[in-house]
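As a plain string of letters, each chain reads:
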Amino acid sequence: MAHCRKTRRFFFIIAFILAAVPLYLNAQGIPSGSPFWSKVRYGGAIGLGFGNNSFNFIASPAAIYPVNPNVALGTNVSFSYARFGEDRFTAYGAGALAYFTPVRGLQLSSEFEQLRVHRKYQFNAVPVEDDYWLPMLFLGIGYNSGPVTFGIRYDVLYDEDKSIYADPWIPFIRVFF
């Protein structure tokens, strides 16, 4: 029950920050109808999976600002939930994004995420409950065509015992509008 309160508190803080950013920028002389906001692009990832006595869901909305035609910077929030039999997993957090397009069609990326992970599982018939912070730093390369990028990224901070992914190499499809 305490974990649900922590999750609600986290999402309340993220919603408050997202609501406060336009007010802050307006106070700094950047009105909401400014060219800054008209250039911000929104996108992210969403996933849903079902299997034999398993379920997983991931949502990671993101926003980026193109600093110039070759560089875009942004941020994201993430939420993941998975159930495999009686085992449970929840992760939530935020990240910073940087995308570089040196030549048309090629996109290099750097994405840092800090997630709060909560796992409940059985290990040798003994119930185990983990609650920890997980930093991830992805370096990636992809083919970019308009709003869509296909590629692969590598988590340079990968920890086999703590990571929420089975492998440090992760293919991706990224979409921004």
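These notes cover the structure that comes with them.

## Re the side chain of Glu113
Right, on to step 1. With respect to the helices and strands, Glu113 occurs in strand E5 (residues 106-123).
Right, on to step 2. One buried charged side chain, Glu113, makes no salt bridge at all; its nearest oppositely charged neighbour is Arg153, positioned 4.4 Å away.
Right, on to step 3. Within the structure, Glu113 has its side chain in polar contact with the side chain of Ser78 (distance 3.1 Å).
Right, on to step 4. Ignoring any residue separated from it by four or fewer positions in sequence, one finds Glu113 in contact with Asn76, Ser78, Ala94, Gly95, Leu134, Pro135, Met136, Phe138 and Arg153.

## Things to note about a nonpolar patch on the surface
Right, on to step 1. Together, Phe100, Leu108, Phe112, Leu139, Ile141, Ile152, Tyr154, Val156, Leu157 and Trp169 make up an exposed nonpolar region whose accessible area comes to about 850 Å².
Right, on to step 2. If you list the elements that add at least two residues to the nonpolar patch, you get E5, strand E6 (126-145) and strand E7 (148-155).
Right, on to step 3. When you line up the elements, Leu108 lands in strand E5.
Right, on to step 4. Using a relative accessible area of 34% as the deciding quantity, one classes Leu108 as partly exposed.

## Concerning the packing of aromatic side chains
Right, on to step 1. By the definition in use, this model includes eight aromatic pairs.
Right, on to step 2. Their ring planes at 45° and their centres at 6.2 Å tell us that Phe55 and Tyr81 sit as a pair that is tilted. Taken together, the residues Phe55 in strand E2 (residues 54-68) and Tyr81 in strand E3 (residues 71-84) connect sequence positions 26 residues apart.
Right, on to step 3. Among the residues examined, Phe55 registers a relative accessible area of 22% and is labelled partly exposed.
Right, on to step 4. Note on Tyr81: relative accessible area 25%, which makes it partly exposed.
Right, on to step 5. Here a set of aromatic residues connected by ring pairs shows up, and it is made of Phe36, Trp37 and Tyr65.
Right, on to step 6. Just above the ring of Phe138 sits the side chain of Arg153; from NZ or CZ to the centre is 3.7 Å.

## Topic: the pairing of E6
Right, on to step 1. Where E5 lies against E6, 18 bridges are found, and the strand directions are antiparallel. Residue pairing in the sheet places Lys120 in a bridge with Glu129 of E6.
Right, on to step 2. Here E5 hands over to E6 after two residues, with Asn124 in that stretch at a positive phi of 55°.

Conventions and cut-offs
Residues numbered from 1 in each chain as written. Predicted model: local features only at pLDDT ≥ 70, side-chain atom pairs only at ≥ 80, totals over all residues. Heavy atoms only, no water. Helix = DSSP H or I, 4+ residues; strand = E, 2+ residues; numbered from the N terminus. Buried < 20%, exposed > 50% of the residue type's maximum accessible area, 1.4 Å probe, protein only. Lys, Arg positive; Asp, Glu negative; His and termini not counted. Salt bridge = Lys/Arg side-chain N within 4 Å of Asp/Glu carboxyl O. Polar contact = N/O pair within 3.5 Å; in protein donor to acceptor, adjacent residues only side chain to side chain. Contact = heavy atoms within 4.5 Å. Patch = residues over 30% accessible without salt bridge, like charges linked within 9 Å, V, L, I, M, F, W, Y side chains within 5 Å. Areas by Shrake-Rupley, 256 points an atom, 1.4 Å probe, with all protein chains shown as cover. Phe/Tyr/Trp six-rings, centres within 6.5 Å; stacked < 30°, edge-to-face > 60°. Lys NZ or Arg CZ within 6 Å of the ring centre and 35° of its normal. Pairing = 2+ DSSP bridges.

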